[in-house]
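Observations on chain architecture
Residues per chain, in single letters:
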Amino acid sequence: MTQKSWAVLAAFLTLTWLVLGGAAVLSDGLYVGKHEGDTLHVIQIVLRMAQGQLPHLDFMTPIGMLAFWPIAMLVKAGLGVGTAFLWTQVLVAAVFLPMVIRIAGSRLTLWLAALFGFIVLVLLLALVHGESEQSISISMHYNRLAWAAAFVAILAAMIPPEPSQFSRRAGAIDGVIIGLMVFVMAMTKMTYFATFIIPIAVALGLTGQRRALGVALVTGLVLALGVTLCTGVDFWTAYLSDLLAVAGSEVRPAPGAPLSAIMAAPAYLAGSLAAVAGVIFLRLSHARAGGMVLLMLLPGFIYVTYQNFGNDPQWLLLLGVLLLALRGQADNVISRWGWSYRDGLVLASAVAFALSSASLFNLMSSPLRHLRVDPVDYVPMLPRGGVHHDLLGHAARQERADARIALDIELDLLPRFEGRDPDTVFLGEALRFCRLELGLAAVMETITRDIEQAGLAQGASVFPADILSSYWLFGELEPLDQGAPWYYGGLPGIEDADYLLVPACPIIESAREMILELIEERIEAGTLTVSEVRRTPLYTLFALD
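Overview of the structure. Along every chain, residues carry numbers that run from 1 in the direction the sequence is written. Local features in a predicted model are, by the rule used here, given only for residues with pLDDT of at least 70; side-chain atom pairs are given and counted only at 80 or more, and totals for whole chains, interfaces and linings are based on all residues. Side-chain calculation: all heavy atoms of the structure are included, whereas hydrogens and water are not.

**Some details on the overall build of the chain**
The number of helices and strands found in the chain is 19 helices and eleven strands. Expected size for 545 residues packed as a compact globule is a radius of gyration near 24 Å; at 25 Å, the chain falls within 12% of this value. Each of the three principal axes of the chain carries a C-alpha extent, and together these read 75 × 55 × 50 Å. Relative accessibility under 20% of the residue-type maximum defines a buried residue, over 50% an exposed one, and the middle range a partly exposed one, all with a 1.4 Å probe and only protein chains included. Here the chain, with 545 residues, has 56% of them falling under the buried criterion. Any two residues whose heavy atoms approach within 4.5 Å at even a single point are treated as in contact. Taking as baseline every contact in the chain between residues at least 6 positions apart, the subset at least 24 positions apart corresponds to 76%. Calculation of accessible area relied on Shrake-Rupley with a 1.4 Å probe; when residues are assessed, cover is drawn exclusively from the protein chains displayed. When the accessible area of the chain is evaluated, it comes to approximately 22500 Å², of which 62% is carbon and sulfur surface. Under the scheme used here, helices are H or I runs from DSSP no shorter than 4 residues and strands are E runs no shorter than 2 residues, and both carry numbers assigned from the N terminus. Here the globule rule reads 2.2 Å times residues to the power 0.38, and the radius of gyration is calculated from C-alpha atoms.

**Thoughts on the sheet that holds strand β2 (residues 378-380)**
Either a parallel or an antiparallel arrangement is found when strands of a sheet pair, and the pairing is made through backbone hydrogen bonds. Here, any two strands with at least 2 DSSP bridges between them count as paired. With respect to topology, three strands assemble into an open sheet ordered β1-β3-β2, the strand pairing being mixed. The two strands at the open ends of the sheet, each matched to only one other strand, are β1 (30-32) and β2. Taken pair by pair, the neighbouring strands of this sheet meet at an average axis angle of 35°, ignoring direction. Sheet analysis places β2 next to strand β3 (residues 391-394), joined by three bridges and oriented antiparallel. Counterpart to P380 in the pairing with β3 is L392. An axis is simply a line fitted to the C-alpha atoms; with a helix, the fit covers only the stretch in contact. Between two such axes, the angle follows the N-to-C directions and lies from 0 to 180 degrees.

**Considerations on helix α15 (residues 341-371)**
To estimate how far a helix should reach, multiply one less than its number of residues by 1.5 Å. Spanning 31 residues, α15 covers 45 Å between terminal C-alpha atoms, matching the ideal 45 Å at 1.5 Å per step. The largest bend in α15 amounts to roughly 50° and is located at S357. Here a polar contact is recorded for every N or O atom pair within 3.5 Å, except that within protein the pair must consist of a potential hydrogen donor and a potential acceptor, and residues adjacent in sequence are included only if both atoms are side-chain atoms. The opening residue of α15 is S340, an N-cap whose side-chain oxygen sits 3.1 Å from the backbone nitrogen of R342. Fitting axes to the seven residues ending at a residue and to the seven starting there, one defines the bend at that residue as the angle between these axes.

**Side note on the pairing of strand β11 (residues 539-544)**
Along β11, six of the six residues are buried, which leaves the element largely enclosed by surrounding structure. Covered by surrounding structure in β11 are Y539, L541 and A543 together with T540, F542 and L544, the residues of both alternating faces. As paired strands, strand β9 (residues 499-503) and β11 are joined by five bridges and run antiparallel to one another. Directly across from L501, in β11, lies its bridge partner L541. The pairing of strand β10 (residues 530-535) with β11 spans five bridges and is classified as antiparallel. Following the sheet pairing, R535 is matched in β11 by T540. Remark: three residues form the turn of the hairpin made by β10 and β11, two consecutive strands paired antiparallel.

**Here we look at the packing of helix α1 (residues 3-25) against helix α5 (residues 110-125)**
Relative to each other, α1 and α5 sit at 20°, their axes nearing to 10 Å. Overall, the two elements α1 and α5 adopt an arrangement that is roughly parallel. For the crossing formed where α1 meets α5, the hand is right-handed. Touching S5, V8, L9, F12, L13, T16, W17, L20 and G21 of α1 are L110, A113, A114, G117, F118, L121, V122 and L125, all from α5. Comment on the angle field: the value is read as roughly parallel under 35 degrees, roughly antiparallel over 145, roughly perpendicular from 65 to 115, and oblique elsewhere. Crossing handedness is read from the near helix: turned anticlockwise from the far helix by less than a right angle, it gives a left-handed crossing, and turned clockwise, a right-handed one.

**Observations concerning the packing of aromatic side chains**
The description of an aromatic ring pair rests on the distance of the ring centres and on the angle between the ring planes. Between 30 and 60 degrees the pair is tilted, below 30 it is stacked and above 60 it is edge-to-face, where a pair is any two Phe, Tyr or Trp rings, Trp via its six-membered ring, whose centres lie within 6.5 Å. Overall, the coordinates contain 17 aromatic pairs when judged by the stated rule. Ring centres of Y31 and Y378 lie 5.2 Å apart, and the angle between their planes is 80°; this geometry places the pair in the edge-to-face category. Here Y31, found in strand β1, pairs with Y378, found in strand β2; they are 347 residues apart in sequence, far enough to count as distant. Here Y31 matches Y378 in class, with each residue buried. Between the aromatic rings of W339 and Y341, the centroid separation amounts to 5.7 Å while the plane-to-plane angle is 70°, which identifies the pairing as edge-to-face. Members of the aromatic cluster, joined through ring pairs, are W147, F151, Y192, F196, F301 and W315. Should the NZ of a Lys or the CZ of an Arg lie within 6 Å of a ring centre and within 35 degrees of the ring normal, that charge is described as sitting over the ring. For R336, the ring lying beneath its charged end belongs to W337, and the centroid distance is 5.7 Å.

**Description of the pairing of β9**
Within β9, five of the five residues are buried, which leaves it mostly tucked inside the rest of the structure. Neither face of β9 is open: one carries Y499, L501 and P503, the other L500 and V502, and all of them are buried. In the sheet, strand β8 (residues 462-464) pairs with β9 via three bridges, with the strands oriented parallel. The residue bridging F463 from the neighbouring strand is L500, located in β9.

**What about the side chain of S106?**
For S106, the location among the structural elements is in the loop between α4 (81-105) and α5. Polar side-chain contacts of S106 include one of 2.8 Å to the backbone oxygen of R102.

**Considering the state of the cysteines**
Disulfides are defined as pairs of cysteine sulfur atoms found within 2.5 Å of each other. Across all of its chains, the model carries one disulfide by this definition. Between the sulfur atoms of C434 and its disulfide mate C505 the distance is 1.8 Å. Its S-S torsion of approximately 85° makes the covalent link between C434 and C505 right-handed. Residue C434 is located in strand β7 (residues 434-438), and its partner C505 is located in the loop between β9 and α19 (509-525); the two are separated by 71 residues in the primary sequence. Residue class for C434 comes out buried when judged on its relative accessible area of 1%.

**Description of the environment of A186**
Considering the arrangement of structural elements, one finds A186 in helix α7 (residues 168-188). Under the relative-accessibility criterion, A186 is labelled buried at 12%. It is 21 Å that separates the C-alpha atoms of A186 and A172, two residues lying 14 residues apart in sequence.

**A look at the sheet that holds β9**
Spatial ordering of the open sheet is given by β8-β9-β11-β10, a layout of four strands whose pairing is mixed. If you trace the sheet from one side to the other, it starts and ends with β8 and β10, each paired once. Within this sheet the neighbouring strands show an average axis-to-axis angle of 30°, counted without direction. In the packing of α19 onto the sheet, the strands contacted are β8, β9 and β10, and the crossing angle to β9 comes to about 145°.

Encoded structure:
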C-alpha cells in the first residue's frame with residue numbers, strides 16, 4: 001500500500017475504535033440485559049483477582065487469567081466492576097489497534113485491510129457475545145478476545161507480507177505480533193491455542209515466513225517464562241488440572257448443539273460447504289498452500305464453535321477475508337464449464353459474509369444500543385456492592401423470580417411421565433423438581449440476607465449444590481478457598497466450606513443432583529458429616545464437619 005493508503009487505514013480504524021469505544025464508556029454504568037449467571041461468574045473471578053487471588057491456584061476455572069486480569073487491575077485501582085469492564089475493552093482494543101494496522105496493511109489491499117481491521121475491533125468492543133438476539137451481555141467476552149487474537153495470528157501466518165514490506169526487521173515485528181496473539185489465546189481460552197497453533201506454524205513455514213516463526217516462538221516462550229516467574233511452575237500444572245477436570249465434566253460437557261450438528265445441521269451446513277468449496281477452489285487454482293492450511297483450520301473452526309455457548313460460527317468472518325486475500329495467489333484457471341475457479345473464491349467469500357452478517361451487525365451495533373439504554377428500567381445487580389453499583393441488570397429480570405416445576409409431579413390429576421429422571425434424593429428426602437429461570441440475583445441476595453439474619457454468615461463460606469457459587473457477592477459470606485465460581489464437577493473447595501447450601505430451585509438441576517451424590521459418598525465413607533441448621537422455602541442449610 002502507498003503511504004496515503006496506510007494513513008487512510010490508520011484513520012479509519014482509529015475512528016472505529018473511538019466511535020465504538022466511546023459509545024461504551026460514555027454510559028454511566030454497564031447495563032446487562034441477559035446472561036445474569038455468566039455475569040456473576042465473571043464478577044466472582046474479577047473480585048477474587050482484585051483481592052490478589054490467582055486463577056487455578058486459588059480457585060478453579062478453565063478460563064485463562066488474561067480474560068480477567070485487566071478488569072481486575074482496574075477494579076483494584078478503584079473502579080466499579082461495570083466501568084472497569086467497559087474501559088478494559090477499550091484499552092485492549094487500543095493495544096490491538098497498531099498490530100492490526102501493521103498486519104492488515106502489509107498484506108491486504110486497502111479496502112480488505114479496513115474490513116478485516118473493522119471486524120477485529122468490533123469483536124473487541126462489542127457488548128454481546130454474537131448471534132442475533134440484541135440484549136446487552138458481557139457473557140463469553142473471553143471468546144470474542146480469543147477470536148480477535150486468532151484472526152490476527154491466522155491472517156498474518158496465511159498471507160505473507162507484500163514484497164515491499166518483506167524484510168528481516170518486518171519479519172521480526174510480525175513474529176512478535178503473532179507470538180503475542182498466540183499467547184493471548186493460550187492465556188484466555190486454551191481451546192483456541194490447542195486447535196490453531198499447528199495450522200499457524202505450518203502456514204508460516206509454507207509462506208516462507210521462517211524468521212517470523214522463530215521470533216513468534218521466542219516471544220511466546222518469553223511471555224510464558226514471565227508468567228512462570230510471577231506465579232510459579234505450579235500455575236501451569238494447576239491450569240492443566242482445571243482443563244482436564246472440565247474436559248471430563250458431566251455437568252455441562254458442551255454448552256450447545258452436538259458436534260455433528262455444528263458440522264452439518266441446517267444452520268451450519270452452508271458455512272461448512274462454503275469453507276470446503278473455498279479449499280477446493282484454492283487447490284484447483286494452484287493456491288495449494290492456502291488451501292491446505294484452510295483445510296487444517298476447518299476442524300478447529302468447527303470445534304471452537306462447538307465449545308462456545310450459542311455455537312455462533314464467527315470464523316466465517318475470517319473465512320470471507322481469507323478467501324478474498326488468497327485470491328491474489330490463485331491462477332486464473334478456467335473450468336470445463338467456462339468459469340474461473342479464482343472467481344469462485346469471491347462467491348464462496350460472499351456466502352461466508354452473508355451467513356455471518358447477522359452476528360456481525362449485532363456485535364457492531366451493541367455499543368451504540370448500550371448508549372441508548374434507559375437507566376430507569378435497570379437496578380444494581382449487587383444491591384450492597386458499593387462502588388460496584390455501576391453494574392446493572394434489567395429490573396424485570398432482576399426482581400421477577402420465575403421457576404420451572406414439573407406439573408405431572410406436583411399435581412396428582414396428571415399422570416407422571418414415565419421417561420422423567422428419578423427424583424433427587426438427599427439424606428433419604430426426595431427433593432422437589434424445580435429450576436430457577438429468572439431472578440437469580442434476587443434469589444441469591446434474599447438467601448444471603450436470611451443466612452445473615454440467622455447469625456450464620458459472619459466469616460463463613462457456603463458450598464452451594466448448584467452451578468454457581470456467587471452468594472458471597474451479596475453480603476457477609478466469604479468465597480470458598482479452592483472453590484469453583486462455575487461448577488464443573490467434583491467438590492472443589494469443600495474442605496474450606498462451613499455450610500452446604502441446597503437450593504430448593506437450583507439453576508441446573510443436574511449440578512445439584514451430582515453434588516449431593518458426591519456429598520453422600522463422603523458421608524458414607526466417614527470423611528464428612530452434615531447436620532441441618534436452617535430450612536426455608538428457598539433453601540436448606542447444613543453445617544459441615
